[in-house]
Amino acid sequence: MPQSQENGASRSEWKHTPVIVPGRRAAAFGEPRGGIPWVRAARDTHTPRDEKHMSSQLRVLLVDDTPADAESILHIEAYEGPDSFRVVHETRLEVALLRVGSEAFDVVFLDLDLPDSAGLDTLLRMRKDAPEACIIVLIEYGNEQLGVTAIENGARDYLVKGRIDPSLLVRFIRYAHGQMQTERELREAREQYRTFLNSSSDIVYLKDEKLRYIHVNIPQVKFFGKAERDILGKTDADLMSPEAAAACRASDAHAIESRQTITKHEQIGERTFEVRKFPVTLTRGAIGVGAFIRDVTERLQADEAVRESEDRYRQLFEAESDAIVLIDNQSGAILEANNAASAMYGFDHNALLRMRNVDLSAEPEETQNVTHGTPVVRDNVVTIPLRYHRKSDGTVFPVELTGRFFFRRGRPVHIAAIRDISERKKTEEEMLANAQLLRESIAQRDKLFSIIAHDLRSPFNTFLGNTELLIDRADTMTNEQVVSMATRLNVSAMHVFQLLENLLEWSQMQQGLIPFAPDRFHLLPFIPDSMALVFDAAQKKS
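One numbering rule holds for all chains: residues counted from 1, following each sequence as written. Per-residue local features are limited, in this predicted model, to residues with pLDDT of at least 70; the limit for side-chain atom pairs, both in listing and counting, is 80 or more; totals at the level of whole chains, interfaces and linings are taken over all residues. Remark: hydrogens and water are excluded; side-chain values derive from all non-hydrogen atoms of the structure.

(A) Examining the overall build of the protein chain more closely. Secondary structure assignment for the protein chain yields 16 helices and 19 strands. With a 1.4 Å probe rolled over the protein chains alone, any residue whose accessible area is under 20% of its type maximum counts as buried; one over 50% counts as exposed, and the rest are partly exposed. Split into buried and exposed, the 542 residues of the protein chain put 35% on the buried side. For the protein chain, the proportion of contacts with a sequence separation of at least 24, taken over those separated by at least 6, is 52%. Roughly 32,900 Å² of accessible area belongs to the protein chain as shown, and the carbon and sulfur atoms make up 54% of that amount. Comment: elements are numbered from the N terminus, with helices defined as DSSP H or I runs of at least four residues and strands as E runs of at least two. Note on contacts: a residue pair is in contact if any heavy atoms of the two residues lie within 4.5 Å. Computed with the Shrake-Rupley method and a 1.4 Å probe, the accessible areas treat only the protein chains shown as cover for residues.

Below is the structure:
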């Protein structure tokens, strides 16, 4: 096998017969094994390849003022293989800089000794104007130290003039450009990675197997209050209090040893952090630990405040003696109910939550009309003084309703306070009955007083008439007349006394002081006494 094929590029890859120049040798990576003659292709006979058959084309800028050295690179345009090359040749730096300012190049071959620039300054100026290009410097034989210095200042590699092996040049360009692309993509990926992590408000870090920080994001830097360089390579013991460092170290070690993700809360000072730590495989099989840490102090405080508020609400909700239910306006579904509602209707809590408000109503149409027809207006309170609801056993009872309509999670709802007014209605009915009895009692009293006044008038008239006769005729009356008149006065007084006794008995009866004990008796003996009461009045009326 010819040596040119043995070193990676067969002569069949070249379109034209190469010209062999004896006495000159070249190497892309040092002196080639066995020595390969320097080859160049005739550029004037180069025929462009059909672009549709090209897998890719690398854009190459050659900056060299020595024709012989330039020819060793220009011939790559004639290369036939998986890659093709378009070479632009300039002899001065200023013109080359104008080129890279208007056109992008993948590879730049740069002679450091040009008519208008020399030494490392040539490289630095090119690096400034073409930072993304893969720059390969061309140096004179015996000046390899300049090539090393150029690499340290940003060059990808260097080639020694007069020792460029054409068969290895294509491979060299592929390798240098591929490595440059890989490093560029790696830098971009790292930058995207850092941007992604730094945009998070959570603390993110990565530690090595000895729990030293090897990556931190901006929130972690702010947490420690130190520059990133003062954090990397340090452990928590160097950055935290002993107690906090021990807690972090324990959870880090647990994640590494268990090979599992762990989630927990850690207290550092007065702050509470939600910590998620996980094992990470590093280089050479070492296991480190990564973490996402979120300060949840305010969230936990807010959660606790919500829980306390809910507890207070629940206590008030359950302490209320009235039934309270939360109802969805659109469906009428009962969303929540207190214990008083269960006690009032005879359904347990879960059963109530499966029901609608019309299921509790003995007037479902009226209930549905109010539920659907009442507008949701802020501070709008609806009071219904009387509705009839139904218990689980079918008992219908009166209730008083007070409802407040509002939006909950975007849906119209209302909360209803329901009061059983059965006792109130019973009391009201009793009061009405008592009022009627009172009116009747007053009417009876008035009638009695009228009768008593009428009945007292006759005895008193008799009494007054007899006393007037005594006053007028006492000195002319006989003893028999005086006795007769006194007897009539006594009878009148006895009648008045009897009426007063009757009045007293009636009063005691009205007060319930005389027990009702009906008995049979003969009415005839009482008739003469009753007639005597009215005898005088009847006589006067003829």
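(B) Looking closely at the nonpolar core. Residues grouped as a nonpolar core are buried Ala, Val, Leu, Ile, Met, Phe, Trp, Tyr and Cys residues, joined through side-chain atoms within 4.5 Å. Residues Leu62, Phe85, Phe109, Ile136, Leu159, Leu169 and Ile173 are the most contacted members of the largest nonpolar core, which totals 23 residues. Elements supplying a minimum of two residues to this core: strand E3 (57-63), helix H2 (67-74), strand E4 (84-90), strand E5 (107-111), strand E8 (134-139) and helix H6 (166-198). By residue number, the principal contributor to this core is H6, which donates six residues. Apart from residues no more than four positions distant in its own chain, Ile173 is found in contact with Leu58, Ile76, Phe85, Val107, Phe109 and Gly178.

(C) Molecular detail of a nonpolar patch on the surface. The patch calculation keeps residues exceeding 30% relative accessible area without a salt bridge and links them within 9 Å when they carry like charges or within 5 Å when they are nonpolar (Val, Leu, Ile, Met, Phe, Trp, Tyr). Counted as salt bridges are all cases of a side-chain nitrogen of Lys or Arg within 4 Å of a carboxyl oxygen of Asp or Glu. A contiguous nonpolar patch, built from Phe521, Leu523, Leu524, Phe526, Ile527 and Met531 and spanning about 690 Å² of accessible area, is present on the exposed surface. For Met531, the location among the structural elements is in helix H16 (residues 526-540).

(D) Main features of the packing of aromatic side chains. The criterion for an aromatic pair is that two Phe, Tyr or Trp rings (for Trp, the six-membered ring) have centres within 6.5 Å, with stacked assigned to planes under 30 degrees apart, edge-to-face to planes over 60 apart and tilted to the rest. In the structure shown here, the tally under the stated rule is six aromatic pairs. Seen from their ring centres, Phe223 and Phe224 are 5.3 Å apart, and the 65° between their planes marks the pair as edge-to-face. Take Phe224: its relative accessible area is 12%, and that puts it in the buried class. In textbook terms, an aromatic cluster arises when at least three aromatic residues are bridged by ring pairs, as seen for Tyr205, Tyr213, Phe223, Phe224 and Phe273.

(E) View of the sheet that holds strand E13 (residues 271-281). Judged by pairing direction, the sheet is antiparallel, and its five strands sit side by side in the order E11-E10-E14-E13-E12 without closing on themselves. Strands with a single pairing partner mark the edges of an open sheet, and in this sheet they are strand E11 (213-216) and strand E12 (262-268). Geometrically, the sheet is characterised by an average inter-axis angle of 25° between neighbouring strands, direction not taken into account. Whether two strands pair comes down to DSSP finding at least two bridges between them. Inspection of the sheet shows E13 paired to strand E14 (residues 287-295) by nine bridges, in the antiparallel sense. Bridge assignment links Pro279 to a residue of E14, and that residue is Val289. Whenever a helix is involved, its axis is fitted only over the stretch in contact; in every case the axis is a line through C-alpha atoms, and angles between N-to-C directions fall within 0 to 180 degrees. Against the sheet, helix H9 (residues 242-258) engages strand E10 (203-207), E12, E13 and E14, with an angle of about 170° to E12.

(F) Quick look at the pairing of E14. Strand direction decides the pairing type here: E10 and E14, joined by five bridges, are antiparallel. Note on E14: the bridge partner recorded for Val204 is Phe292. Hairpin remark: E13 followed by E14, antiparallel, with five residues in the connecting loop; positive phi at Arg284, about 60°.

(G) Molecular detail of helix H15 (residues 479-510). Given a rise of 1.5 Å per residue, 32 residues ought to cover 46 Å, and the 46 Å separating the end C-alpha atoms of H15 matches this to within 8%. Where H15 is concerned, the buried positions are Met485, Leu489, Ser492, His495, Val496 and Leu499. Downstream of H15 by one or two residues, Gly512 has phi in the positive range, about 75°. Under the convention used throughout, the expected extent of a helix is 1.5 Å for every residue step, that is, one less than its residue count.

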